Amino acid sequence: MATTMKIPSHELWSYFGYGLGQCFSFGLVGSFINYFYTDVLGISALAASSIFLIARVWDAVHDPLFASIMDTINSRFGKFRHFLLIAPLLITGVTLLSFYKIEADMTTKILYAGVTYILWGTLYAISDIPFWSMSSVMTNDSAQRTRAVTAAMLGVNAGIACANIFFPKLAAFFAQYSNDKGYFMAALVMMLFGLPLMLNGFMQIKERVPPSAEKVTMRDTFHNLRQNKPLFVILLSFFFCVFHNVANGIYIYFFIYNLGDGSLQMAIGIMGIVAAVVCLIAPMLTRRMQKRKLFMILCGLDIAVRAVMWFAGYQHTALLFLLLGLSTLFVMMTNILTSSMIADTIEYAEYHTHKRCAAITFSGQTFTGKMSVAVGGGLIGVFLTMIGYVPQAQTQSDGVLTGLFFGICLLPAIGSLIRLGCMSRFTFTEEKHAEICRLLAERRHASAQDVEGDERLDRPVSVN
């Protein structure tokens, strides 16, 4: 019979801390690297876009490849925990290299930017995949996993929000002492705070779910991935956050031209932190409601809030930010549910393939998240061109202002509608997961008895 493995509170805080420290790096690169390339390093926007495209193609190769290798490895620390010791040092180093302004000719600068950015994405995956995979081996209980994933997602969102809030201020402070607008020193300070948080996560987080009894090969991991049908439904719904990612990139234009104050961008980071705190109720909600049903309700609420936002207009700033805050909360909570449901599909695939492969399962989330951000970034330029946006203009036409409001308001609502439709096809509920966990426990027990019986037969028999 399957036993519940409870995760201590101090361990959840350490898991939160690892996500917080790791996403200082993600927030810095995700929000500021493009500006660093064009306005500090001095390379063209086209060259920067080409670097991002090449990096995403490489992600499609190395994310599942590295994950499949991770699934075949066991160490004295466990299956994934040892990566949490190595990755923080690698991430810290490559993040600092990414924000270092080299003095060289333009070709060398482009090559430097390309190598460091692709290297950053590669090393980040070595941290992010085992970080999320840990939620599947810390406990075998679906409710406890939701607590773990909630802690992890809170850390991730808080880390990204802190990067957006504190990095510009640090860069402005150090700008007077450097010729790189203070970016390298600001990144150094952020990562010096993030590194001990990640290392503490390694020391405190424990693995409790045993690996498969049989040896896992790389071929097994890809077979396991193909058999995991519920996973692909979840990843599809996760990808369509792409419309919210487009809105995130349009906020700065909306604040400058529609509201006349670009500094309001900081409010997005603050809303992210507040929403992350409110998301602590997620485990309580999932104890009373199926995750699939809750996900669909949250998507419906996001659509409703954004419809109200559209009809209310943006003249009432307080109401606008209240509605944006509610939408941020709803989307953030769906992402918590996404990670929790992905963790549950690991047992689904294990039951059907007799192999437990957590890393390759979570590599799907890592790659899909990167792809959603990359596609969203590409669509921002397309969207601005479609609405007639004029770069560096003092004012924009009424049509552009309406288009920008549509982009932050109704475009994400379309994404939530698509996500709701995708999740309606998800059928692997908590009840089915619990039944599969029970059957897996019986299978392991029977396997252990068979091994014990074989050992008895192999023992020499004494004859008097």
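For clarity, every value in this text was computed on a predicted model and none was experimentally measured.

Rules behind the numbers
- Residues numbered from 1 in each chain as written.
- Predicted model: local features only at pLDDT ≥ 70, side-chain atom pairs only at ≥ 80, totals over all residues.
- Heavy atoms only, no water.
- Core = buried A, V, L, I, M, F, W, Y, C linked by side-chain atoms within 4.5 Å.
- Buried < 20%, exposed > 50% of the residue type's maximum accessible area, 1.4 Å probe, protein only.
- Helix = DSSP H or I, 4+ residues; strand = E, 2+ residues; numbered from the N terminus.
- Contact = heavy atoms within 4.5 Å.
- Expected span 1.5 Å × (residues − 1).
- Axes fitted to C-alpha atoms, helices over the stretch in contact; angles between N-to-C directions.
- Parallel < 35°, antiparallel > 145°, perpendicular 65-115°, else oblique.
- Left-handed = near helix turned anticlockwise from the far one by under 90°.
- Nonpolar A, V, L, I, M, F, W, Y, C, P; charged D, E, K, R; others polar.
- Salt bridge = Lys/Arg side-chain N within 4 Å of Asp/Glu carboxyl O.
- Phe/Tyr/Trp six-rings, centres within 6.5 Å; stacked < 30°, edge-to-face > 60°.
- pLDDT = per-residue confidence, 0-100.
- Disulfide = S-S within 2.5 Å.
- Polar contact = N/O pair within 3.5 Å; in protein donor to acceptor, adjacent residues only side chain to side chain.
- Patch = residues over 30% accessible without salt bridge, like charges linked within 9 Å, V, L, I, M, F, W, Y side chains within 5 Å.
- Areas by Shrake-Rupley, 256 points an atom, 1.4 Å probe, with all protein chains shown as cover.

1. Some remarks on the nonpolar core
Leu28, Tyr37 and Phe99 are the most contacted members of the largest nonpolar core, which has 131 residues in total. In terms of residue count, helix H13 (residues 317-353) provides more of this core than any other element does, 15 residues in total. If sequence neighbours within four positions are ignored, phenylalanine 99 has contacts with Leu28, Val29, Phe32, Ile33, Phe36, Asp180, Tyr183, Phe184 and Ala187.

2. Quick look at H13
Counted at 1.5 Å a residue, the expected span for H13 with its 37 residues is 54 Å, and the 54 Å between its end C-alpha atoms agrees. Counting buried positions along H13 yields 29 of 37 residues, so the element is predominantly enclosed. Backbone geometry just after H13 places histidine 354 at a positive phi near 65 degrees.

3. Topic: the packing of helix H9 (residues 242-258) against helix H15 (residues 398-423)
Axis angle and axis distance: for two packed helices, these are the angle between their axes and the distance between the axes, and together they describe the pair. The contact between H9 and H15 brings their axes to 8 Å, and the two run at 160 degrees. With respect to each other, H9 and H15 are oriented roughly antiparallel. Considering how the two elements wind past one another, H9 and H15 form a crossing that is left-handed. Residues Phe243, His244, Val246, Ala247, Ile250, Tyr251, Tyr253, Phe254, Tyr257 and Asn258 of H9 form the contact with H15, whose participating residues are Leu401, Leu404, Phe405, Gly407, Ile408, Leu411, Pro412, Gly415, Ser416 and Ile418. Of the residues in the contact of H9 with H15, the class split is 15 nonpolar, 5 polar and no charged.

4. Brief notes about the pattern of salt bridges
Evaluated as defined, the whole model comprises 7 salt bridges. Between arginine 208 and glutamate 11 there is a salt bridge whose closest N-O contact spans 2.6 Å. Taken as a pair, arginine 208 in the loop between helix H6 (183-204) and helix H7 (218-227) and glutamate 11 in helix H1 (residues 9-41) lie far apart in primary sequence, 197 residues in all. With a relative accessible area of 27%, arginine 208 lands in the partly exposed category. With relative accessibility at 1%, the residue glutamate 11 sits in the buried group. Here arginine 145 makes a salt bridge to glutamate 347, at a shortest N to O gap of 2.5 Å. Pair noted here: arginine 145 is in helix H5 (residues 142-174) and glutamate 347 is in helix H13, with a separation of 202 residues, a long-range link.

5. Concerning the packing of aromatic side chains
Tallied over the full model, the rule gives 33 aromatic pairs. Taking the centre distance of 5.1 Å and the plane angle of 65 degrees together, the rings of tyrosine 314 and phenylalanine 405 count as edge-to-face. One end of the pair, tyrosine 314, is in the loop between helix H12 (291-312) and H13; the other, phenylalanine 405, is in helix H15, and 91 residues separate them in sequence. With respect to burial, tyrosine 314 and phenylalanine 405 carry one shared label: buried. Feature note: the residues Phe26, Phe32, Phe36, Tyr37, Phe52, Phe99, Tyr117, Trp120, Tyr124, Phe167 and Tyr183 constitute an aromatic cluster, connected by ring pairs.

6. Focus on unusual backbone geometry
Residue lysine 181 is not a glycine yet carries a positive backbone phi of 60 degrees. Its location among the elements puts lysine 181 in the loop between H5 and H6. Here histidine 354, not a glycine, exhibits a phi torsion of approximately 65 degrees, which is positive. One can find histidine 354 in the loop between H13 and helix H14 (358-386). Looking at histidine 354, the relative accessible area reads 40%, which means it is partly exposed.

7. Focus: the confidence of the model for the chain
Here the chain shows a mean pLDDT of 85. Residues at 70 or above account for 94%. By mean pLDDT, the top-scoring element of the chain is H12 (95), and the lowest-scoring one is helix H16 (residues 430-458) (74).

8. Examining the state of the cysteines
This structure, assessed with the given rule, holds 0 disulfides. Its sulfur unpaired, cysteine 279 is 13 Å from the next cysteine sulfur, which belongs to cysteine 241. We classify cysteine 279 as buried; its relative accessible area is 0%.

9. What to know about the side chain of asparagine 228
Its location among the elements puts asparagine 228 in the loop between H7 and helix H8 (229-239). Assessed through its relative accessible area of 0%, asparagine 228 is described here as buried. Of the polar contacts made by the side chain of asparagine 228, one reaches the side chain of threonine 345; its length is 3.2 Å. Asparagine 228 has contacts with Thr345, Ile346, Tyr348, Ala349 and Thr361, leaving out every residue within four places of it along the chain.

10. Re the environment of methionine 371
Within the secondary structure, methionine 371 is located in helix H14. When the C-alpha atoms of methionine 371 and glycine 399 are compared, they prove to be 30 Å apart, with 28 residues separating the residues in sequence.

11. Comments concerning a nonpolar patch on the surface
On the surface, Met266, Ile270, Val274, Val278, Ile281 and Met284 cluster together into a nonpolar patch covering about 460 Å² of accessible area. Counting residues per element, the nonpolar patch draws most heavily on helix H10 (residues 265-278), which supplies 4 residues. Tracing the chain through its elements places isoleucine 270 in helix H10.

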